[in-house]
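Structure assessment
This is what each chain is made of:
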Amino acid sequence: MRLYLSSFDLGNCPEELVALARGAKEAVVVVNALDNLPEARMKWLNAQTEKLRDLGFTARELDLRDFFGKPSELEESLRGIDVVWINGGNAFILRRAMKQSGFDKQIRAALGRDEIVYAGFSAAAVIVGDSLAGLDIVDRATAVPAGYDPEVVWEGLGLLPYVIAVHFRSDHAESSDVDREIAFFQENRIPYRPLRDGEVLIIDGEEERLLGL
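For the structure given in this document, a descriptive report is provided here. Model, not experiment: these values are computed from the prediction. (Residues numbered from 1 in each chain as written. Predicted model: local features only at pLDDT ≥ 70, side-chain atom pairs only at ≥ 80, totals over all residues. Heavy atoms only, no water.)

Along its length, the protein chain carries seven helices and nine strands. Scaling as 2.2 N^0.38, a compact globule of 213 residues should have a C-alpha radius of gyration of about 17 Å, and the protein chain matches this with 16 Å. The buried share of the protein chain, taken over its 213 residues, is 51%. Long-range pairs, those at least 24 residues apart, make up 77% of the contacts in the protein chain between residues at least 6 apart in sequence. (Helix = DSSP H or I, 4+ residues; strand = E, 2+ residues; numbered from the N terminus. Rg over C-alpha atoms; globule rule 2.2 N^0.38 Å. Buried < 20%, exposed > 50% of the residue type's maximum accessible area, 1.4 Å probe, protein only. Contact = heavy atoms within 4.5 Å.)

Here the focus is the packing of aromatic side chains. Tallied over the full model, the rule gives nine aromatic pairs. Between F8 and W44, the aromatic rings sit 5.9 Å apart at their centres with planes inclined by 85 degrees, giving edge-to-face as the arrangement. In this pair, F8 sits in the loop between β1 (2-6) and α1 (14-20) while W44 sits in helix α2 (residues 38-54), placing the two residues 36 residues apart along the sequence. With relative accessibility at 31%, the residue F8 sits in the partly exposed group. Connected via pairs of aromatic rings, a cluster forms that spans Y4, F8, W44, W85 and F121. The cationic tip of K25 hangs over the ring face of F57; the distance from NZ or CZ to the ring centre is 5.4 Å. (Phe/Tyr/Trp six-rings, centres within 6.5 Å; stacked < 30°, edge-to-face > 60°. Lys NZ or Arg CZ within 6 Å of the ring centre and 35° of its normal.)

All right, on to the pattern of salt bridges then. Summed over the entire model, instances satisfying the criterion amount to 16 salt bridges. We note a salt bridge from R41 to D35, for which the minimum N-O separation is 2.6 Å. Comparing R41 with D35, the two get one shared label, buried. Note that E207 is salt-bridged to R209, the shortest N-O span being 3.4 Å. E207 gets classed as partly exposed once you look at its relative accessible area, which sits at 40%. (Salt bridge = Lys/Arg side-chain N within 4 Å of Asp/Glu carboxyl O.)

A few words now on the nonpolar core. By size, the foremost hydrophobic cluster in this structure holds 53 residues, and its most contacted members are V84, F103, Y118 and I164. The greatest single-element share of this core, amounting to six residues, is contributed by helix α4 (residues 91-101). Look past the residues within four positions of V84 in its chain and what remains in contact with it is V28, V30, L78, F103, I107, I116, V117, Y118 and A119. In terms of nonpolar packing, the next biggest core, distinct from the first, is built from 20 residues, Y4, C13, L45 and L52 among them. (Core = buried A, V, L, I, M, F, W, Y, C linked by side-chain atoms within 4.5 Å.)

On to the sheet that holds strand β3 (residues 58-61). Sheet architecture is open: seven strands sit in the order β3-β2-β4-β5-β1-β8-β9, paired in mixed fashion. Each end of this open sheet is capped by a strand with a single partner; those strands are β3 and β9 (207-211). Averaged over all adjacent pairs, the angle separating strand axes in this sheet is 15 degrees, with direction ignored. With four bridges joining them, strand β2 (residues 26-30) and β3 adopt parallel strand pairing. When the sheet's bridge partners are listed, V28 is paired in β3 with R60. (Pairing = 2+ DSSP bridges. Axes fitted to C-alpha atoms, helices over the stretch in contact; angles between N-to-C directions.)

In this section: helix α7 (residues 175-187). Given a rise of 1.5 Å per residue, 13 residues ought to cover 18 Å, and the 19 Å separating the end C-alpha atoms of α7 matches this to within 8%. Within α7 the residues assigned to the buried category are S175, V178, E181, I182 and F185. Summarising the axial view, the buried residues of α7 lie within an arc of 100 degrees, below the 170-degree limit, and thus occupy one face. In this fold, the buried residues of α7 make contact with β6 (163-165) and β7 (192-194). (Expected span 1.5 Å × (residues − 1). Arc of directions from axis to C-beta.)

Tracing the backbone through its elements, the reader meets S122 in the loop between β5 (117-121) and α6 (123-126). Exposure remark for S122: the relative accessible area of 10% places this residue in the buried category. Among the polar contacts listed, one links the side chain of S122 to the side chain of H167, at a separation of 3.1 Å. Other than its neighbours up to four places away in sequence, S122 contacts S6, S7, G88, V166 and H167. (Polar contact = N/O pair within 3.5 Å; in protein donor to acceptor, adjacent residues only side chain to side chain.)

Structural data, given as structure tokens:
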């Protein structure tokens, strides 16, 4: 399993993402976490696509909304993709999009076969644990864009045995709420790992590294 989890944007070591891809160059960008904010969505899509291309990837958008209720079509679209780069935004919207498209099951399977790199920041990182409990302190769980199932998905992707708390002690608008989120984790004995903006957590098989500051 290969993961590149950043607190914000590409983090301070994008060359590690290139290394993790092992020379493979086909990337897709997922910005569904911003489906409730169309203008911000377009801005981040363009910026992230350009940054990935600057790193040498052939990047294009993968809109999970196109695959709601069509998991077999999504599976076909993911064939040959080396890196999935997932933008930040609302973690609950992103998690809904993954469930409604079947992306959650397919990414777990692809990671298990070591066929793909799961990469991204903020919302992409906080959902890799077992549960989204406590994330509603930072993100509005009831934000439901058009076409989305209103039911809140509390189950995480289950990729790591702990929750990641992004924007920890950083110059970010959500940092004070993250302190409250961490207090919730501590009170409820939920394993967590904080990430400051700039830091990146890299998982490569059995190897785990924290870089960036």
